Amino acid sequence: MAFLSSSLQRGALAIAVTLALATAPARAQNVPTTFGTIIGNGLLCRDQTANFYYYDYLLKHFGPAYKHEGGAYWFRTDGASLWGREISEVMVSDDTSTYIFVGAVAEATPEELQQAIITQVGVHHIRIDTSAFPVREAKPASRIVYFDTKSKIYCAKYKPLPPVQPPPVRSRPK
């Protein structure tokens, strides 16, 4: 009987652990299958850029932002990749910036990232300056820039202004 009791306890423990794991919130090591579609297309400016949408997506799948600086929330994206390159961080604009943007840090040089994007999706980024560290831009407006020994890719759009109300129409006294 002691053996049966011990087996039941182990079985109950296994069920409890399984249930706890199944109901636990998503952790950083669980990169969603939609990451390439949602974040990748956002970075290439193939979708509308809504910072609240990207913020909610990253919060849900990677947890809270680990820092808030430079007009952006920064999320660690351990295990994520786009176009065959590791993506270590994704940043989303806050409401203090004059731009709405989504960006990512790739563990690759701009040249390597550019070639990976060409190979995977056929989008070409063209050098738009002649500096030692040139900015690369693709249509409709995605950019790749140097970020130390890595690269940063982003899509930024002007923040829409609130609608302007016309001045009230004055009526002439009669």
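Scope of this entry: the structure provided in the associated data block.

The rules behind each value
Residues numbered from 1 in each chain as written. Predicted model: local features only at pLDDT ≥ 70, side-chain atom pairs only at ≥ 80, totals over all residues. Heavy atoms only, no water. Helix = DSSP H or I, 4+ residues; strand = E, 2+ residues; numbered from the N terminus. Buried < 20%, exposed > 50% of the residue type's maximum accessible area, 1.4 Å probe, protein only. Lys, Arg positive; Asp, Glu negative; His and termini not counted. Salt bridge = Lys/Arg side-chain N within 4 Å of Asp/Glu carboxyl O. Contact = heavy atoms within 4.5 Å. Axes fitted to C-alpha atoms, helices over the stretch in contact; angles between N-to-C directions. Left-handed = near helix turned anticlockwise from the far one by under 90°. Nonpolar A, V, L, I, M, F, W, Y, C, P; charged D, E, K, R; others polar. Pairing = 2+ DSSP bridges.

With respect to the helices, strands and loops of the structure, E89 is situated in strand β4 (residues 85-93). The buried charged residue E89 lacks any salt bridge partner; its closest oppositely charged side chain belongs to K67, at an N-O distance of 4.9 Å. Discounting residues that sit within four places of it in the chain, E89 has contacts with Y66, W74, F75, T77, G103, A104 and V105.

Any two packed helices are characterised by the angle at which their axes cross and by the distance between the axes. It is at 12 Å that the axes of helix α2 (residues 35-43) and helix α3 (residues 51-62) come closest, and there the two elements cross at 145°. Crossing geometry of α2 relative to α3 is assigned as left-handed. In this structure, α2 uses F35, I38, I39 and G42 to contact α3, whose residues at the interface are Y53, Y54, Y57, L58 and F62. For the contact of α2 with α3, a count of residues per class yields 8 nonpolar, 1 polar and no charged.

What follows covers the pairing of strand β5 (residues 99-106). Summarising burial for β5: 7 of the 8 residues are buried, a large majority. What sits between β4 and β5 in their antiparallel hairpin is a turn of 5 residues. Note: β5 against strand β9 (residues 150-158), 8 bridges, orientation antiparallel. Residue pairing across strands places A104 opposite I153, the latter belonging to β9.

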